[in-house]
Amino acid sequence: MPQGTERPLRVLLAKLGMDTHTVGITVIAHALREAGMEVIFTGLKQTPAMVATAAIQEDVDVVGVSSLSAGHTRSLPTLARLLREAGAGDKLLLVGGVIPEEDQPLLQEAGVDKIFTMGADTRDIITYLNEWRAAQQAGHS
Amino acid sequence: MDVAKELLGGNMLAGGRAIRWLDDRDPRGAEVLASVFPHTGRAHIIGITGPPGAGKSTLANAMISQLRSRGRRVGVVAIDPSSPFSGGAILGDRVRMARHTLDADVFIRSIGTRGQAGGLSRSAHDACLILDAMGFDVILVETVGVGQDEIDIVALAHTTVIVGLPGLGDEVQAIKAGLMEVGDVFVINKADREGYEATRQQFELMLHLRAEGRQDSSLHWSPPVLRAVALNDEGIAEIIDATEAHAQFLRDNGEFERLSGQRERAQTLGLMGEALLQLALEKTDPDVLAAVEAREIDPYAAARLLLRSL
């Protein structure tokens, strides 16, 4: 096995609530796979508690939530809190999709680490994740 | 967090972390394993295997429900293929098991094959040990969709469930070579589809031939062929009856412990082989390999030469 793939980044991709738009999340899943990451899908209609539990069982590095309908201002802060309470607050929490600018400060304050809005390039997401990981590893050594 | 101590107490965060370390070949994984290994060997490991599209995840989902209704705590190891090119993977098995996510007595872990052939992941065995140490009574291991001879699951599981589906004659052809020889319980899923009866007869015939070929065996377990529609929870109680009967059969004959012991022995030899190869590669003279590439020396002679210099 090539050296670089020995410890692939693990990313949970989830959709919360009644949002059933899956095109974006599917495209991102394939892009991350091509970039050498392990992507875990949870399926649709997840609650914050379900996503937090799956993130812990799967011990992912990153939790990515796709949001293309309203509800993120309530569900994402809950998810961030549940992860923290379970001792998993160190996981990177990302959200992508339709996130109005006025919601962004609230989400960031609640513990969302990064917001990708509509039109974000998958390459930007991959670059961001790789840079985050490099910073993590530098911090630990 | 003392990962070993916490996971023995059933802590999910610790269990998830231990499996990650082992999957990543992080040395901390081996340390945890050393502490928890004495607490393993109790769980009944059930392999679920079959061709792609047979409904393995859906069946696993239904089996979890049935096992939970009988009070069993259930661990799940769901394996999907990693890309041989990028090393990445899309692990989607838990989508079909989502209704069990919030059950504290169910732990589902998705694992990529990470370069391992044979239908399993290189760390499937380790994941089973961790779940066993966490106190799960039954561990379901769902393999990737397999073809004819990807039967590594047999070395890992006490009980192997082969999942087929009706209709295609080719489908039975596809599983007869390897899978028919190794199954302990056969399930024809999606049995409401046309062709069920013909498929059942083919299964029965092949199992009959298999039994005739093994008449000298003192141990005799007749694998049942069961009908299921996993999506509607049909036939699932009978499948769990069969897996539990098989576990009892193994225990009555002292086979349960023997299989568990064999598994650890095989794992040891596998790890040794991996380490030896690594060691040998570090000492391999690149000039000899270059000579093979240039067709100056044949691979057999080159391998002999390289081994002599170790």
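Keep in mind that what you see is a predicted model, and the values were worked out from it rather than measured.

Student: Explanation requested: the overall build of chain B in the structure shown.
Tutor: If you tally the helices and strands in chain B, you get 13 helices and eight strands. Expected size for 310 residues packed as a compact globule is a radius of gyration near 19 Å; at 21 Å, chain B falls within 12% of this value. Projected onto its principal axes, the C-alpha coordinates of chain B cover approximately 60 × 50 × 40 Å. Out of the 310 residues belonging to chain B, those deemed buried represent 52%. Look at the contacts in chain B between residues 6 or more apart in sequence, and 76% of them connect residues 24 or more apart. Of the roughly 14200 Å² of accessible surface on chain B, a fraction of 54% belongs to carbon and sulfur atoms.

Student: Explain unusual backbone geometry here, please?
Tutor: Backbone geometry follows two general trends: most residues other than glycine have a negative phi, and most peptide bonds adopt the trans configuration. Even without glycine at this site, D59(A) takes up a positive phi of about 40°. Residue placement: D59(A) occurs in the loop between α2 (48-57) and β3 (62-67). Backbone geometry places D233(B), a non-glycine residue, at a positive phi of 60°. Structurally, D233(B) is set in the loop between β8 (225-227) and α10 (236-252). We classify D233(B) as partly exposed; its relative accessible area is 38%.

Student: Looking at this model, I keep getting lost on the confidence of the model for chain A. Mind explaining?
Tutor: All names here are of chain A. Looking at chain A as a whole, the pLDDT averages 89, with 95% of positions reaching at least 70. Across chain A, the secondary-structure element scoring lowest on mean pLDDT is helix α5 (residues 122-140), at 91, and the one scoring highest is α2, at 97. Low pLDDT (under 50) marks residues 1-5, which in the prediction has five contacts with non-local residues, meaning those over four places away or in another chain.

Student: Sorry if this is basic, but what is going on with the packing of α2(A) against helix α3 (residues 72-85) of chain A here?
Tutor: Residue and element names in this part refer to chain A. Two elements in contact, α2 and α3, have axes separated by 9 Å at closest approach and are oriented at 40°. By the criterion of interaxial angle, the relationship of α2 to α3 is oblique. Our pair here, α2 against α3, has a crossing hand that is right-handed. Contacts from P48, A49, V51, A52 and A55 in α2 reach S75, T78, L79, L82 and L83 in α3.

Student: How should α2(A) be read in this particular structure?
Tutor: In an α-helix, one turn spans 3.6 residues; hence positions three or four apart end up facing the same way. Counting buried residues along α2(A), nine of its ten residues qualify, which places the element largely inside the surrounding structure. Of all the residues in α2(A), the buried ones are P48(A), M50(A), V51(A), A52(A), T53(A), A54(A), A55(A), I56(A) and Q57(A). Buried positions along α2(A) lie against β1 (10-15), β3 and α3 of chain A together with α2 (12-23) and β4 (106-112) of chain B. Directly beyond the C-terminal end of α2(A), a positive phi value near 40° is found at D59(A).

Calculation criteria
Residues numbered from 1 in each chain as written. Chains lettered and ligands numbered in written order. Predicted model: local features only at pLDDT ≥ 70, side-chain atom pairs only at ≥ 80, totals over all residues. Heavy atoms only, no water. Helix = DSSP H or I, 4+ residues; strand = E, 2+ residues; numbered from the N terminus. Rg over C-alpha atoms; globule rule 2.2 N^0.38 Å. Buried < 20%, exposed > 50% of the residue type's maximum accessible area, 1.4 Å probe, protein only. Contact = heavy atoms within 4.5 Å. Areas by Shrake-Rupley, 256 points an atom, 1.4 Å probe, with all protein chains shown as cover. pLDDT = per-residue confidence, 0-100. Axes fitted to C-alpha atoms, helices over the stretch in contact; angles between N-to-C directions. Parallel < 35°, antiparallel > 145°, perpendicular 65-115°, else oblique. Left-handed = near helix turned anticlockwise from the far one by under 90°.

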